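# Reading the structure
Here are the chains, one letter per residue:
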Amino acid sequence: MSTLKDVLTNDMRTALKARDEMTTSTLRLALAAIGNAEVAGKEKRELSDDEILAVLTREAKKRREAATAFADAGRAEQAAKEQAEGEVLDRYLPKQLSDEEIAEIVSGALADGGFTGKAQMGPAMKAAQAAVAGRAEGGRVAAEVRRQLGL
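Per an unreviewed UniProt entry, the protein chain is named Glutamyl-tRNA amidotransferase, and its organism is Asanoa ferruginea.

### A closer look at helix 7 (residues 138–149)
Think of an α-helix as 3.6 residues a turn; residues three or four steps apart then line up on the same face. Along its twelve residues, helix 7 runs 16 Å from first to last C-alpha, staying within 8% of the 16 Å computed at 1.5 Å per residue. Within helix 7, burial applies to Val141, Ala142, Glu144, Val145 and Leu149. Relative to the axis of helix 7, the buried residues are bounded by an arc of 165° and lie together on one face. Exposed positions of helix 7 whose direction lies more than 90 degrees from the buried face are Gly139 and Arg147. Next to the buried residues of helix 7 lie helix 5 (99–113) and helix 6 (121–132). Of the residues flanking the end of helix 7, it is Gly150, one or two places downstream, whose phi is positive at about 75°.

### Examining helix 2 (residues 21–39)
Under the 1.5 Å per step criterion, the end-to-end length of helix 2 is 27 Å for 19 residues, consistent within 8% with the ideal 27 Å. Taken residue by residue, helix 2 has Thr23, Thr24, Thr26, Leu27, Ala30, Leu31, Ala33, Ile34 and Glu38 as its buried positions. Tucked inside the fold, the buried residues of helix 2 contact helix 1 (4–17), helix 3 (49–72) and helix 4 (76–90). After helix 2 finishes, the residue Gly41 shows a positive phi value of roughly 100°.

### Side note on the packing of helix 2 against helix 4
Contact geometry for helix 2 and helix 4: axes closest at 9 Å, N-to-C directions at 70°. Accordingly, the angle class assigned to the pair helix 2 and helix 4 is roughly perpendicular. Helix 2 and helix 4 meet at a crossing whose hand is right-handed. Judged by residue contacts, Met22, Thr23, Thr26, Leu27, Leu29 and Ala30 of helix 2 engage Lys81, Ala84, Glu85, Val88 and Leu89 from helix 4. Of the residues that constitute the contact of helix 2 with helix 4, the class distribution is seven nonpolar, two polar and two charged.

### Focus on the layout of surface pockets
In this model, the largest pocket occupies a volume close to 330 Å³. Every residue lining the largest pocket is counted, 16 residues in all, and those nearest its centre are Leu53, Ala54, Thr57, Ala133 and Gly134. Contributions of two or more residues to the lining of the largest pocket are made by helix 3 and helix 7. In terms of residue count, helix 3 provides more of the lining of the largest pocket than any other element does, five residues in total. Taken together, the residues of the lining of the largest pocket sort by class into six nonpolar, six polar and four charged. Among the domains, domain 1 (3–91) and domain 2 (99–149) are the pair contributing at least three residues each to the lining of the largest pocket.

Analysis parameters
- Residues numbered from 1 in each chain as written.
- Predicted model: local features only at pLDDT ≥ 70, side-chain atom pairs only at ≥ 80, totals over all residues.
- Heavy atoms only, no water.
- Helix = DSSP H or I, 4+ residues; strand = E, 2+ residues; numbered from the N terminus.
- Expected span 1.5 Å × (residues − 1).
- Buried < 20%, exposed > 50% of the residue type's maximum accessible area, 1.4 Å probe, protein only.
- Arc of directions from axis to C-beta.
- Contact = heavy atoms within 4.5 Å.
- Axes fitted to C-alpha atoms, helices over the stretch in contact; angles between N-to-C directions.
- Parallel < 35°, antiparallel > 145°, perpendicular 65-115°, else oblique.
- Left-handed = near helix turned anticlockwise from the far one by under 90°.
- Nonpolar A, V, L, I, M, F, W, Y, C, P; charged D, E, K, R; others polar.
- 1 Å grid on protein atoms, 1.4 Å probe; cavity = no way out; pocket = protein on both sides within 12 Å on 5 of 7 lines; lining within 4 Å.
- Points joined across faces, edges and corners; volume = space filled by probe spheres on them.
- Domains from an automatic or database assignment.

This is how it looks when you write it as structure tokens:
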């Protein structure tokens, strides 16, 4: 079974052969970010698929934020480019949960842990993030936890 990094590399080569410049450049940037993460720290190491997904999630979030910033600044061409790069990265990420699904999962996590008040926000967030397991952005999960805790 191939790792996610192998899939990204093979897809980049395929895009290169097909002369798909957007996909090629986006996957090169993603692989560079993965390479940087591998050499961060005291010694080089191979990242697991979960760690690679975390890097890809971070890169996709950067693209969404950049697209929003460019759009707000009236730079539609750059915003469209960032949006397209984000869409390429989204192909490799797990499907994001809807707001209703997040509410349901957070509700279950809060009930299981018996979290009820403001003082328990930290442990409640930890439990909710574990239940969501990377299928939703932390900000969306935090907002739902706050809402359900009545903060």
